[in-house]
Amino acid sequence: MNRRHRCGPRLWAAALVLVTALGLAALPLQAASAAEGQVVTLSKSQAGTGGSITVGGSGWRPRTLLMMLICGQSEPGRGVIGGTNSCANADGRAVTTGDEGTFRKKLPVAEPPVPCPCVVHVATVTGDKAQADAVLAVAGHPVKALPAQSGAGKLSVLTDTRLDGSSGVLTWFGAPASRTFVFTVGNVGSAPLKDPVFQVGTSHGVFAPQWEDQQWRGTIAPGRKAQIKLPVELTSGAHGNYLVSLKFGGKVLAEQPWGVGRPWGVTLFWILLCVVVPAAVFRIGMAVVDRVRPRRSGGAGRHRGALHFPELAARVPKLRLPESSRRAASPPRDTTGTGTHTTTALPWFTPDIDPGAPAGQLSAPSDNSPTTKGNT
């Protein structure tokens, strides 16, 4: 009995040690699965242009909008070198995760603008940034080795970042706004870094940043620091609040906000265009009308107020004679049948009227008048 009671505590202690060991052994497995985070799976590891593959994913945030792209010069460990400029953006697809953070959708296979190795790049469009890659071999697409990069060197941003430069007059009229991204980094690794390649991205609103490779010429020894200056440029006519991000080795090192003013010169140009073009069309139309309309004879266009004799005679109303005058003026009828007519002078006009005759006398006094006979 005593041996049984003595062996019981030993057995319990051994069982407790075994359970603790099993629990400690399970911890690395749980950490590894948690460290994976977002997962992307493909229905095919190799496909040709014109076909399609089914992309699935898990571990994403629920109800999140994602963008799927086929990108070249990429590896899951290093990310997409060159950002979305290395991807087939025109053939990308958007998908929204479900309530459990999973998705599944077909993606057409297209050749990226840069050589392989290629991946299917999945990244969030809204909310917190998250991304994952899955290896895809695009059949028939050229393959080029990725640039060598030392993993022993590590960079850390030591000072606050800033954007140097200002906008000129051309930017006010829609020219691309440009700045110089200035920051100081230090090499906290054990190996020197020669000609490090940074990724600079610009994002607007809820959209993901557009990454672009920027190589800095120089060597940063371990424990040393260096000031880095990289150019940043936006598209033509861009305005609003932008965010400039800096990434190295797949890790975002710094972010800098950038407020870009509206190009009011473009607005002024369109306002003037809406005013000048109608005025010019009106002037041209009036000139055409003035050219094709008929001209008046006699210089009526030059002397619009002057009335010439033909026009005045046409405007004077015709005189209507009394009935008796019209009868006297009409030629007599031939009553004899001989064909001869007798001409009767008009009462107000005779050829032998004396200008000095008294009023009412139509002809000069003849020699047969009574006054003449009396005198003789």
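As a reminder, the structure under discussion sits directly above these lines.
Procedures and definitions
- Residues numbered from 1 in each chain as written.
- Predicted model: local features only at pLDDT ≥ 70, side-chain atom pairs only at ≥ 80, totals over all residues.
- Heavy atoms only, no water.
- Patch = residues over 30% accessible without salt bridge, like charges linked within 9 Å, V, L, I, M, F, W, Y side chains within 5 Å.
- Areas by Shrake-Rupley, 256 points an atom, 1.4 Å probe, with all protein chains shown as cover.
- Salt bridge = Lys/Arg side-chain N within 4 Å of Asp/Glu carboxyl O.
- Helix = DSSP H or I, 4+ residues; strand = E, 2+ residues; numbered from the N terminus.
- Phe/Tyr/Trp six-rings, centres within 6.5 Å; stacked < 30°, edge-to-face > 60°.
- Buried < 20%, exposed > 50% of the residue type's maximum accessible area, 1.4 Å probe, protein only.
- Pairing = 2+ DSSP bridges.
- Axes fitted to C-alpha atoms, helices over the stretch in contact; angles between N-to-C directions.
- Core = buried A, V, L, I, M, F, W, Y, C linked by side-chain atoms within 4.5 Å.
- Contact = heavy atoms within 4.5 Å.
- Disulfide = S-S within 2.5 Å.

A. Quick peek at a nonpolar patch on the surface. A cluster of nonpolar residues, Val169, Trp172, Phe173, Trp264, Leu268, Ile271, Leu272, Val275 and Val276, forms a patch on the protein surface that exposes about 920 Å² of accessible area. For the nonpolar patch, the secondary structure elements donating two or more residues are α2 (169–172) and α3 (264–292). Per-element tally for the nonpolar patch: the top contributor is α3, with 6 residues.

B. Just the packing of aromatic side chains, in detail. Going through the model one piece at a time under the given rule, you end up with 5 aromatic pairs. Pairing Phe181 with Phe183 gives two aromatic rings, centres 5.4 Å apart and planes at 55°, and the pair type is tilted. The two residues Phe181 and Phe183 agree in class, both being buried. Centre to centre, the rings of Phe183 and Phe198 are 5.7 Å apart; their planes meet at 75°, and the pair counts as edge-to-face. Of this pair, Phe183 sits in strand β13 (residues 178–187) while Phe198 sits in strand β15 (residues 197–204), placing them 15 residues apart in sequence.

C. Layout of the sheet that holds strand β7 (residues 93–96). What the 5 strands build is an open sheet, ordered β2-β10-β9-β4-β7; its pairing is mixed. Of all the strands in the sheet, the pair left with one neighbour each is β2 (46–48) and β7. Adjacent strand axes in the sheet meet at a mean angle of 35°, parallel and antiparallel pairs treated alike. As defined by bridge partners, strand β4 (residues 65–71) adjoins strand β9 (residues 118–124) across 6 bridges and the pair is classed as antiparallel. Paired with Ile70 across the strands is Val120, a residue of β9.

D. How the structure looks around the nonpolar core. With 23 residues, the main nonpolar core has Phe183, Phe198, Ile228 and Trp258 as its most contacted residues. Mapped onto this core, the elements with two or more residues apiece are β13, β15, β18 (225–233), β19 (240–248) and β20 (251–260). Excluding residues within four positions of it along the chain, Trp258 makes contact with Leu163, Ala177, Ser178, Arg179, Val232, Leu234, Gly240, Asn241, Tyr242 and Val244. Listed in part, the 21 residues of the second largest apolar core include Ile53, Met68, Ile70 and Val122.

E. How the structure looks around the sheet that holds strand β1 (residues 39–42). Spatially, the 3 strands line up as an open sheet ordered β1-β3-β8, and their pairing is antiparallel. Two strands in the sheet have a free side with no partner beyond their single neighbour: β1 and β8 (103–108). Strand-to-strand, the axes of this sheet are offset by a mean angle of 25°, without reference to chain direction. One ladder, built from 6 bridges, connects strand β3 (residues 52–58) with β8; its direction is antiparallel. Each bridged residue has a counterpart across the sheet, and for Ile53 the counterpart in β8 is Leu107.

F. The arrangement of the state of the cysteines in detail. Applying the stated criterion across every chain yields a total of 2 disulfides. Through a disulfide, Cys71 is tied to Cys87; the S-S separation comes to 1.9 Å. Torsion about the S-S bond of the Cys71 and Cys87 cystine: about 95°, corresponding to right-handed handedness. Separated by 16 residues along the polypeptide, Cys71 in strand β4 and Cys87 in the loop between β6 (79–80) and β7 bring together distant segments of the chain. Here Cys71 and Cys87 have matching classes, each one buried.

G. Up close: the pattern of salt bridges. A full pass over the atoms with the stated rule returns 4 salt bridges. The partner of Arg63 in a salt bridge is Asp99, and the shortest N-O contact between them spans 2.8 Å. With Arg63 in the loop between β3 and β4 and Asp99 in the loop between β7 and β8, the pair connects residues that are 36 residues apart, well separated along the chain. Given a relative accessible area of 59%, Arg63 falls into the exposed group. Classification of Asp99 by relative accessible area gives exposed; the value is 57%. Between Asp195 and Arg217 there is a salt bridge; the shortest N-O distance is 3.7 Å. With Asp195 in the loop between β14 (193–194) and β15 and Arg217 in the loop between β16 (210–215) and β17 (219–220), the pair connects residues that are 22 residues apart, well separated along the chain. Overall, Asp195 belongs to the partly exposed group, its relative accessible area being 21%.

Honestly, it's all geometry; don't read function into it.
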